[in-house]
Amino acid sequence: MAQLEILTFPDDRLKQVSTEVEIFDDSLHAFLKDLEETMDEGPPSVGIAAPQVGRFERIVLVDVSIKPKIPNHGRLILINPKIVAEQGQVVGREGCLSVPDFTGNVARAESIELEAKDAHGNTISFSMEGYEARAVQHEMDHLDGLLFLDHLVSRRDLFRRKKYK
Ligand code: NI
């Protein structure tokens, strides 16, 4: 197990588009453990994407269960995730381990239908809404080299953080 280094803005590697996972083997599982440990040991976070630690594969972890009273599916490992349907739009505040000094307001789909592979390559699907759907959309952006900074509602919707905690 290892805690991995998190790339931070404006590191150009965060703009790289990640490739799909094709092999679901022990090396993938070892990486998933490291990614989980990196999320769990860092500042409290509801998600992390593989490219944030320099592995440019379409893998995200999402777990909004640390926030009270939010409907959620627990800890999700989503590999090659795809949004197959979406509805509504809602603006909300986002932060990111790769942008530790800022938060910002971003418009996201309010609810999504999601398909992905699990750690063993099985197809999994979810209907989700609200904060969990937002977290998934945020993490999936990392797979396409995008940050919440690329989606701000307006320039006035960027806020400096005093301290990441
Ligand atoms: Ni992020």
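Look above for the structure.
Here the structure is a predicted model, which is why all the values come from computation and not from measurement. (Residues numbered from 1 in each chain as written. Predicted model: local features only at pLDDT ≥ 70, side-chain atom pairs only at ≥ 80, totals over all residues. Heavy atoms only, no water.)

## A word on the layout of surface pockets
Part 1 of the argument: Space inside the second largest pocket adds up to approximately 180 Å³.
Part 2 of the argument: In terms of lining residues, the second largest pocket is bounded by 14 residues, among which Ile 83, Arg 108, Gln 137, Met 140 and Asp 141 are the most central.
Part 3 of the argument: Among the secondary structure elements, those contributing two or more residues to the lining of the second largest pocket are β3 (76–87), β5 (102–108) and α2 (130–143). (1 Å grid on protein atoms, 1.4 Å probe; cavity = no way out; pocket = protein on both sides within 12 Å on 5 of 7 lines; lining within 4 Å. Points joined across faces, edges and corners; volume = space filled by probe spheres on them. Helix = DSSP H or I, 4+ residues; strand = E, 2+ residues; numbered from the N terminus.)

## Focus on the coordination of the nickel ion
Part 1 of the argument: Looking at the nickel ion, one finds its protein donor set to be Cys 96 (SG), His 138 (NE2) and His 142 (NE2), positioned 2.1 to 2.2 Å from the metal centre.
Part 2 of the argument: Between the donor residues of the nickel ion, the gaps in sequence give the motif C-x41-H-x3-H. Remark: His 138 occurs in helix α2 and Cys 96 occurs in the loop between β4 (90–94) and β5; sequence separation between them is 42 residues. Each member of the pair Cys 96 and His 138 is classed as buried. (Donors = N, O, S within 2.8 Å, 3.2 Å for Na, K, Ca; no water. Buried < 20%, exposed > 50% of the residue type's maximum accessible area, 1.4 Å probe, protein only.)

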